[in-house]
Amino acid sequence: MSVTSNPQTRQWQELSSDHHLAPFSDYQQLKEKGPRIITHAKGVHLWDSEGHKILDGMAGLWCVAIGYGRDELADVAARQMRELPYYNLFFQTAHPPVLELAKVVAELAPAGMSHVFFTGSGSEGNDTVLRLVRHYWALKGQPQKKVIISRINGYHGSTVAGASLGGMVGMHEQGDLPIPGIVHIAQPYWFGEGGDMTPEAFGIWAAEELEKKILEVGEANVAAFIAEPIQGAGGVIIPPDSYWPKIKEILAKYDILFVADEVICGFGRTGEWFGSDYYDLQPDLMTIAKGLTSGYIPMGGVIVRDLVVKVISEGGDFNHGFTYSGHPVAAAVALENIRILRDEQIVTRVKEETAPYLQKRLRELADHPLVGEVRGLGLLGAIELVRDKATRARYEGLGVGMICRQFCFDNGLIMRAVGDTMIIAPSLVITKAEIDELLDKARKCLDLTLEAVNG
Ligand code: PMP
């Protein structure tokens, strides 16, 4: 295990090794190194058990929209726990927090989307999507309309349906996924896959893959297309400008539902309330989670277009739901989180002030010898690490992304590596001074990485 100065760190690492199975981890590696123990946090900073202060460039896992340490959320959670810590919504019952939250989320959602089905996570949201869209078409007398088209390298969660809808090869390899009835098309990742095409031409090509797939499967068999407005976990993949308009054109031609997975983009990350607002998409369903509660407590959901709700409502029981659907404490926390986002005009500040500043500072890294492309939108950013800027050739087999990630950790910054793409998604409350700290540290870590790979 790594060298520690606090004896308690070693004890916690032993507990990890003896008893804990962490998500998305190589257990042998984790045992050898021992996890970094995060003990507390405030604003955009974390502290570990060794006393290091770390700027969290990822807002946890893209979720801590309002930053760490907001007592208001703790207070409403405590109040709600005392008043009504739990009750279910199954048997013609409800409680005030879930009803108030449904109203507030509907107010924020695009016009014509006024109902919400709550879940415990984004993955459960996408499981709900799968069952809901198939149920919808069955009620419309077209039960064969079952196939959902998704994208390679998209991320939609880690449950069986979530991982199947996602297009992550490493996840599909484990557990015999995807399940039948889910097919994948190319992603709009110009830097990685655009070859000699211009970004614009590649965007059109990638969008036309949707039409090809609809025709191949048969419109009569396709239930829906699901996509993240911006692929997050896939590497902050911002589609070329031509992509979404062309997709919209194709969706308008065929009678299929469109599901926007807003788990990352939702609640302000692009400077609009939803990624669908930013790109002017008109989804039929939107999956939400993360920013809904700023990650202070688990909660997800699906916002559903009125036309779909009408069909479902006329179809008798929808036999689906979770013990923790619309949990009263989670709902109370979400309400307070949204109140803070609104009252403090955090989304407007992202749009007008911090996103433009972050994007300007991020692009200054383009001159770095290791950097093949920087891209970003709102408070999302990606830095592509390459051996050759002109050809976009990578350092094959070196794991440059992981090397860079380690330098970041050791220098007080959390930046995530997706292969050799470094990504950031800080809290929406990050200040300009903290953006400077983030980008200054990022440049230093790029220098250290370059030295390491060339040395
Ligand atoms: N969809 C997207 C776009 C996500 O980024 C994630 C999580 N990173 C999920 C779904 C799954 O959410 P959860 O981890 O809450 O199940």
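Refer to the structure printed above.
Our subject in this report is the structure included herewith. All values derive from a computational prediction rather than experimental measurement.

1. Here we look at the sheet that holds strand β2 (residues 45–48)
As summarised here, the arrangement of the 4 strands in space is β1-β2-β3-β13, forming an open sheet in which the pairing is mixed. Every other strand in the sheet has two partners, leaving β1 (38–42) and β13 (413–414) as the edge strands with one partner each.

2. A look at the nonpolar core
Residues L101, F225 and L292 are the most contacted members of the largest nonpolar core, which totals 109 residues. Sort the elements by how many residues they give to this core and helix α14 (residues 328–343) lands first, with 9 residues. Not counting chain neighbours up to four residues away, the residues in contact with L292 comprise L101, V105, F118, F267, M299, G300, A334, N337 and I338. Within the second largest apolar cluster, 22 residues are counted, among which are L130, V133, L285 and V309.

3. A look at the environment of Y27
Take Y27: it is sitting in helix α2 (residues 27–33). Note: C-alpha distance between Y27 and P85 (58 residues apart in sequence) is 35 Å. If near-sequence neighbours (up to four positions away) are discounted, Y27 is found in contact with L21 and A22. Separated by 2.7 Å, the side chain of Y27 and the backbone oxygen of A22 make a polar contact.

4. What to know about the site of the ligand
All residues in the neighbourhood of the ligand are listed as S121, G122, S123, N126, Y155, H156, G157, E228, D261, V263, I264 and K290. In the model, an oxygen atom of the ligand is placed 2.5 Å from a nitrogen or oxygen of the S123 side chain. Between Y155 and the ligand, the recorded distance is 3.4 Å, taken from a backbone N or O atom to a nitrogen atom. With 3 residues, the top contributor of residues to the shell around the ligand is helix α6 (residues 122–139).

5. Comments concerning empty space enclosed by the protein
Applying the stated criterion across every chain yields a total of 1 cavity of 30 Å³ or more. When its volume is computed, the largest cavity comes out at roughly 40 Å³. Every residue lining the largest cavity is listed: W62, C63, A65, I264, G266, F267, R269, G291 and L428. When grouped by side-chain class, the residues that make up the lining of the largest cavity number 6 nonpolar, 2 polar and 1 charged.

6. Concerning the layout of surface pockets
If you add up the space inside the second largest pocket, you get close to 860 Å³. L89, V116, F117, F318 and H320 are the residues nearest the centre of the second largest pocket, which is lined by 24 residues in total. In terms of residue count, strand β4 (residues 115–119) provides more of the lining of the second largest pocket than any other element does, 4 residues in total. Its residues placed into classes, the lining of the second largest pocket shows 13 nonpolar, 10 polar and 1 charged.

7. Re the environment of V169
Take V169: it is sitting in helix α8 (residues 169–172). Residue V169 is classed as exposed on the basis of its relative accessible area, which comes to 54%. Taking the C-alpha atoms as reference, V169 lies 8.2 Å from I152; in sequence the two are 17 residues apart.

8. Remarks on the side chain of S49
With respect to the helices and strands, S49 occurs in the loop between β2 and β3 (53–56). You can call S49 buried: its relative accessible area is 9%. Excluding its chain neighbours within four sequence positions, the residues that come into contact with S49 are N6, T9, W12, I37 and T39.

9. Looking at the side chain of T128
Relative to the elements of secondary structure, T128 occurs in helix α6. In contact with T128, not counting residues within four places along its chain, are F117, T119, V302, H320 and F322.

Definitions and limits used
Along every chain, residues carry numbers that run from 1 in the direction the sequence is written. Thresholds applied to this predicted model are a pLDDT of at least 70 for local features of residues and 80 or more for the giving and counting of side-chain atom pairs; totals over whole chains, interfaces and linings are not thresholded and use all residues. Water and hydrogen atoms play no part in the side-chain values, which are based on all heavy atoms of the structure. For two strands to be treated as a pair, DSSP must find at least two bridges joining them. The way it works is that DSSP assigns letters per residue, a run of H or I at least four long becomes a helix, a run of E at least two long becomes a strand, and they are numbered from the N terminus. Residues grouped as a nonpolar core are buried Ala, Val, Leu, Ile, Met, Phe, Trp, Tyr and Cys residues, joined through side-chain atoms within 4.5 Å. Exposure classes here rest on a 1.4 Å probe applied to the protein chains alone. A residue is buried below 20% of its type maximum, exposed above 50%, and partly exposed in between. We call two residues contacting when some pair of their heavy atoms lies within 4.5 Å. Here a polar contact is taken to be a pair of N or O atoms separated by no more than 3.5 Å, where protein atoms must pair a possible hydrogen donor with a possible acceptor and residues adjacent in sequence count only if both atoms sit in side chains. Being near a molecule or strand, for a residue, comes down to having at least one heavy atom within 4 Å of it. A 1.4 Å probe that fits into a set of points on a 1 Å grid over the protein atoms alone but cannot get out defines a cavity; an open set with protein on both sides within 12 Å along at least five of seven lines defines a pocket, and lining residues are those with an atom within 4 Å of a point. Grid points are joined across faces, edges and corners, and a volume is the space filled by probe spheres set on the points. Residues are grouped as follows: Ala, Val, Leu, Ile, Met, Phe, Trp, Tyr, Cys and Pro are nonpolar; Asp, Glu, Lys and Arg are charged; every other residue, Gly included, is polar.

Nothing here speaks to function; it is geometry throughout.
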